[in-house]
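Observations on the model geometry
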Amino acid sequence: MATPALGTGVHDNGHLGLYPRCGICADIVFTNERVIGRKYVSLPRSVSPRVRRGCKLLLSQPHSQTENAYSALVFGNSDSTSYLGHTRSFDFPPRGHTITRVDGRLLCRYPDCKRCAASPEFAPIHSDCFDVFRQQCSVSTSCALDRLWTLAAWRHPWRGAQPIYLSAPRVDKDILRTISGFCGLPRLYTLPTELLEMIRRYSRHSLLWRCVPALQLAAHVSTMKPNPLLTVPLRDLLSWDRGGKFERLVGFRVPSESSTLRLTIDSAGISKLERLPKPPMYIGEYTNRFAYIVQEEESISHVMAQLKNGRLRLKFPVRSRILPIWNTPAPPNLSLCKAYPAALTSCPIIQTVEMNGISGVTFFFAFGQLFGIHIHRSEESCAMDTFARNLSDRLQRSVVWIYLPISRPDIILVLGIREVLRSPSLNVLVRTALIGDVVVGSQSKGQAKDILLDASGPLTMVYGEPREGDPVSSFGAYRGRSSDQTLPPPFRLINRGPCPINDAYFSWAPLRDVSSTLVFYDQETGFCRGIVFCYQNRGLRAVGQCRLQVDPADRFVQPVRLCFRTRPYGNQHIYNVQVKFNPTETDSEGWESRPMEGLVKFWFTPESSFLVVEN
Ligand SMILES: [Zn+2]
Ligand SMILES: [Zn+2]
């Protein structure tokens, strides 16, 4: 990657538009800041000591954002259909302004920048991914780069598409056998698939796993037969599969036979195009391996399809309407969704979530606004990846993690929004069968208005995936089952009471009938960040910041007393709280001990926490 090779036909002083996704491995390209938290791995007892040692070696490999911060770019010609050159490697910048130029171009991470749009398209590549790719290619470097362009840049279904982060397919054991040999873990590939996937989950950004797609791509590039570019109107296509031939619509046909077009997208880009006789019915299907575009034929008349080297990409006229991408093959009808503040039609990526099929949601709030949503679908789910890719460096320092746990027997009855008037702040309102009302957000004192999103079960949350650094522009629910709804009883307002922390977020939980608690601690200070309460009716409620799989946590069963101590910390009006349930010894200075009765009130900011118990 040492050879600077800016094409002679490229004007100087343009922008070098960046998005944080590698064209070879499809993983995130991180900025320099170290934000990946420590994660805790517990291997099953049946795993032998020898295998444990191997896993330890793998997991002890560098696992930080600085590890893959150095990247380079390949860039395309004026219409992004072929390779034009590559840049030297450089340190991937944070979102926002930069003054760094690479080969005469200003590094830029503004998604809608006009100067980026006027420059060639660039595809970022991890330096180490590129080294592996180049070493494994059996064709010349120039030939490999030329072929790499379509594979790297066309991972995005069109130029400027918001990056879609899909989960990687299961590890290819043959490729892993090769990698196991040269990384000093020769027996790694012999592990059972489930164990391999578990190890990968906890070390997914390490070079070892990024090597797998790099080797696959190198093998593909070495044997592929390049095809020339073909551009056709999208509406003329009947079917297409990646690597295969396409079928065109010919002659007269009954319009209703194939009036709906569905494109399937995986981590390598558009993988399939098919026609359906009518829009598929939403039945709550969901996947994180694929994304989908489902459109009626009359809505795609302005879209062109480019076909080259077995890949397909869409091309839109300048400033034209793009097509929404969904996480379900059968999206709900947008006209039956109620959303706030903007309509979902303006969102490039729309997520649907069946609320009764998940174990919880982490909401990322900063300055009273909602900046990110992570859906927890399993016990091991961790919101750190959403935190790292959705939030700019500034936001990462300002954000609070608010966890909404949803127990398996509980049912979400109402989803709403509390709009704080004359302010961009909002709260998410949730009412469940087992724990009642939950208000997520800052709960500021200003005048507010409650907006009902849905009050009919089973409840489907729908929201627009925000671009990195932007707030969630559209949060809502699918009301397909009963669109005509009356307002449910008003949400319970708890008196916040006095709190010494300015602009703190507020949460509360009853202490009666608690069967167990899960207390989350700050790894460095040992102070309490948040608590999940599990009640005898199996309902769950969280206070403070409960960062699952990020912060260490202790479980206490059948707590009888809550002991706590809240203290100022340093000289900047920062407070921290220490919490113990059922202490075995009586602590002295400043500790209060309360029976499990009344309400616990918990205020918090990114660096401060304050707790009181009210009877
Ligand atoms: Zn990579
Ligand atoms: Zn720009």
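Treat the numbers as computed from the prediction; the structure is a model and nothing was measured.

Let us look at the environment of Thr-386. Among the secondary structure elements, Thr-386 is positioned in helix α8 (residues 384–390). When the C-alpha atoms of Thr-386 and Glu-468 are compared, they prove to be 9.8 Å apart, with 82 residues separating the residues in sequence. If sequence neighbours within four positions are ignored, Thr-386 has contacts with Phe-364, Ile-373, His-374 and Leu-391.

A word on the packing of helix α3 (residues 127–136) against helix α7 (residues 207–223). Relative to each other, α3 and α7 sit at 40°, their axes nearing to 8 Å. In this view, α3 runs oblique relative to α7, as classed from their interaxial angle. When you trace α3 past α7, the crossing you get is right-handed. Two secondary-structure elements touch here, α3 through Asp-128, Cys-129, Val-132, Phe-133 and Gln-136 and α7 through Leu-207, Arg-210, Cys-211, Ala-214, Leu-215, Leu-217, Ala-218, Val-221 and Ser-222.

Coordination sphere of the zinc ion (ligand 2), protein contribution only: His-15 (ND1), Cys-108 (SG), Cys-113 (SG) and Cys-116 (SG), at 2.2 to 2.3 Å. Sequence spacing among the residues donating to the zinc ion (ligand 2) works out to H-x92-C-x4-C-x2-C. Taken as a pair, His-15 in strand β1 (residues 15–17) and Cys-116 in helix α2 (residues 114–117) lie far apart in primary sequence, 101 residues in all. Like His-15, the residue Cys-116 is buried in the burial classification.

Phe-363, Phe-365, Ile-373, Val-428, Phe-475 and Phe-533 are the most contacted members of the largest nonpolar core, which totals 53 residues. Residue contributions to this core peak at four residues, all from strand β30 (residues 528–535). Mapped onto the domain boundaries, this core takes at least three residues apiece from domain 3 (335–478) and domain 4 (505–614). For Ile-373, the contacting residues outside a window of four places in its chain are Val-361, Thr-362, Phe-363, Phe-364, Thr-386, Met-461, Tyr-463, Val-472 and Phe-475.

Scoring rules and cut-offs
Residues numbered from 1 in each chain as written. Chains lettered and ligands numbered in written order. Predicted model: local features only at pLDDT ≥ 70, side-chain atom pairs only at ≥ 80, totals over all residues. Heavy atoms only, no water. Helix = DSSP H or I, 4+ residues; strand = E, 2+ residues; numbered from the N terminus. Contact = heavy atoms within 4.5 Å. Axes fitted to C-alpha atoms, helices over the stretch in contact; angles between N-to-C directions. Parallel < 35°, antiparallel > 145°, perpendicular 65-115°, else oblique. Left-handed = near helix turned anticlockwise from the far one by under 90°. Donors = N, O, S within 2.8 Å, 3.2 Å for Na, K, Ca; no water. Buried < 20%, exposed > 50% of the residue type's maximum accessible area, 1.4 Å probe, protein only. Core = buried A, V, L, I, M, F, W, Y, C linked by side-chain atoms within 4.5 Å. Domains from an automatic or database assignment.

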